[in-house]
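So the chains spell out like this:
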Amino acid sequence: MQEQDAPQGKAPRIFEQLVSVLSQRLASGAIPAGTVIRTAVVAREFGTSRGPVRRALDELKEAGWLAPRGLAYIVRPPESPRASDPIVPADHDMPRVSAEATWARIYREVEPNLVARMSFGTWRVVEADLAQHYGVSRTVAREVLGRLQQRGIVKKDDRSRWFVPGLGRDYVADLYEMRRTLEPQALINAAPRLPPGLAASLLASLDASISRAECLDGADLDRLEHELHVNLIGHCGNRTMMEAIGLYQSLLSAHSFLYMTAPRIFPTEPFLPEHREVLDRLVAGHVEAAADALREHLALSLDRAVYRIETVTSLVSPQPLGYLVRIT
């Protein structure tokens with residue numbers, strides 16, 4: 001069976017978005033006549049490689065907006081005849097291309113693709129191939145990988161090469177050990193900072209889910225995990241601690257894929273009563289006891305996580321991606 005939850009997608013047609021954005025600026029006069037436009041400057045502004053920029057500027061030249069000026073282009077005056085005006089969408093349809101939007105758009109596709117493959121082994125991420133796949137600069141590709149590194153989804157080896165660590169038992173055990181160390185303390189710190197009624201509200205939400213435990217789907221399980229392990233302990237007030245926790249919670253990202261792929265591995269999800277024990281003690285004001293329950297829950301979760309990974313990898317197989325090379 002082929003995996004169904006990791007979008008593949010083709011590289012975005014960045015030059016078309018550039019044509020739309022630049023033609024709107026030209027039509028509105030935001031880029032006045034006589035302005036010299038250089039490929040490198042546009043590429044730097046929008047965080048993309050020069051190839052899509054050159055193609056976009058050539059399109060605008062053919063449409064009559066620009067004239068060649070050496071190795072650059074110059075904006076033609078309004079009275080100059082144009083072969084045909086580019087189509088400029090209405091403002092609400094206008095693509096917003098920027099350096100940040102470029103990496104963010106790519107990140108939204110790359111992250112689930114990598115997370116979906118963590119269970120299947122370790123993978124080398126080839127930065128140059130990632131940039132080529134999406135038609136962006138190496139700088140943008142590096143920005144995407146740097147943010148994935150902050151999430152614990154990619155790492156660098158001793159030769160500074162990017163790789164996606166496989167979720168083997170030893171690595172999963174290391175991640176859970178760090179979570180058992182950090183998350184209970186974060187819960188203790190968060191308790192006095194919680195908005196009034198938040199813990200009780202999460203407990204009520206969990207009880208509603210438990211009442212239909214046999215019907216919960218992958219999205220439900222993913223939401224319940226985040227309510228406790230992200231939303232609640234996120235009130236701990238220690239940014240450094242939360243950054244460290246986020247690094248070791250790459251498991252939560254992987255679980256999103258695992259839950260969506262096979263949410264019925266257990267008749268009812270074992271973590272539900274364990275989460276309830278944590279929240280019940282917290283609502284009662286027994287914060288240390290709630291932290292102990294969270295620590296016990298994370299200890300019990302290790303074997304289940306390994307079992308879930310092994311089960312899912314026996315059901316699906318990853319499709320190839322041009323910027324990934326399997327190591328193990």
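The coordinates are above.
Everything numeric here is computed off the predicted structure, so don't read it as measured data.

1. Considerations on the sheet that holds strand S2 (residues 66–69)
Read from one edge to the other, the open sheet built from three strands follows the order S1-S3-S2, with strand pairing classed as antiparallel. In the strand order of this sheet, the two ends are held by strand S1 (36–37) and S2, each with one partner. Both S1 and strand S3 (residues 72–75) contribute to a ladder of two bridges, which runs antiparallel. Bridge pairing links Ile37 to Tyr73 in S3.

2. Notes on the sheet that holds strand S5 (residues 155–156)
Taken together, the four strands give an open sheet; going across it, the order is S5-S6-S4-S7, and neighbouring strands pair in antiparallel fashion. Each of the sheet's edge strands pairs with one partner strand only, and the pair in question is S5 and strand S7 (324–326). With two bridges connecting them, S5 and strand S6 (residues 162–164) associate as antiparallel partners. Across the sheet, Lys155 pairs through a bridge with Phe163, a residue of S6. Across the sheet, helix H6 (residues 138–150) is in contact with strand S4 (123–125), S5 and S6; its angle to S6 comes to roughly 50°.

3. What about the pattern of salt bridges?
On inspection of all chains with the given rule, the structure shows 18 salt bridges. In this structure, Asp220 engages Arg223 in a salt bridge whose closest nitrogen and oxygen atoms are separated by 3.9 Å. Note that Asp220 and Arg223 are positioned in helix H9 (residues 218–232) at a spacing of three residues, about one turn of the helix. What makes Arg223 partly exposed here is its relative accessible area of 30%. A salt bridge links Glu227 to Arg223; its shortest N-O distance comes to 3.0 Å. Here the residue Glu227 and the residue Arg223 both occupy positions in helix H9, the gap between them amounting to four residues, near one helical turn. Classification of Glu227 by relative accessible area gives buried; the value is 13%.

4. What to know about the pairing of S3
Alternating positions in S3 separate into two faces, Ala72 and Ile74 on one and Tyr73 and Val75 on the other, with burial throughout. Pairing analysis gives four bridges linking S2 to S3, with the strands arranged antiparallel. In the sheet register, Arg69 faces S3, and the bridge partner there is Ala72. Between S2 and S3, which pair antiparallel in sequence order, lie two residues; one of them, Gly70, sits at a positive phi of approximately 65°.

5. Quick word on unusual backbone geometry
The backbone phi angle of Ser160 is positive, close to 60°, even though this residue is not glycine. Within the fold, Ser160 resides in the loop between S5 and S6. With a relative accessible area of 49%, Ser160 lands in the partly exposed category.

6. Regarding the nonpolar core
Of all hydrophobic cores here, the largest spans 96 residues; its most connected members are Leu66, Val110, Leu114, Leu148, Leu167, Val172 and Tyr323. Beyond its immediate sequence surroundings of up to four residues, Leu148 is in contact with Tyr107, Val110, Glu111, Leu114, Ile153 and Val154.

7. So, the environment of Thr35
With respect to the element layout, Thr35 can be found in the loop between helix H1 (14–28) and S1. By relative accessible area, Thr35 is classed as partly exposed at 25%. Separated by 39 residues in sequence, Thr35 and Ile74 have C-alpha atoms that sit 5.5 Å apart. Apart from the residues lying within four places of it in its own chain, the contact partners of Thr35 are Tyr73, Ile74 and Val75. Of note is the side chain of Thr35, whose polar atom sits 2.7 Å from the backbone oxygen of Pro32.

Parameters and conventions
Residues numbered from 1 in each chain as written. Predicted model: local features only at pLDDT ≥ 70, side-chain atom pairs only at ≥ 80, totals over all residues. Heavy atoms only, no water. Pairing = 2+ DSSP bridges. Helix = DSSP H or I, 4+ residues; strand = E, 2+ residues; numbered from the N terminus. Contact = heavy atoms within 4.5 Å. Axes fitted to C-alpha atoms, helices over the stretch in contact; angles between N-to-C directions. Salt bridge = Lys/Arg side-chain N within 4 Å of Asp/Glu carboxyl O. Buried < 20%, exposed > 50% of the residue type's maximum accessible area, 1.4 Å probe, protein only. Core = buried A, V, L, I, M, F, W, Y, C linked by side-chain atoms within 4.5 Å. Polar contact = N/O pair within 3.5 Å; in protein donor to acceptor, adjacent residues only side chain to side chain.

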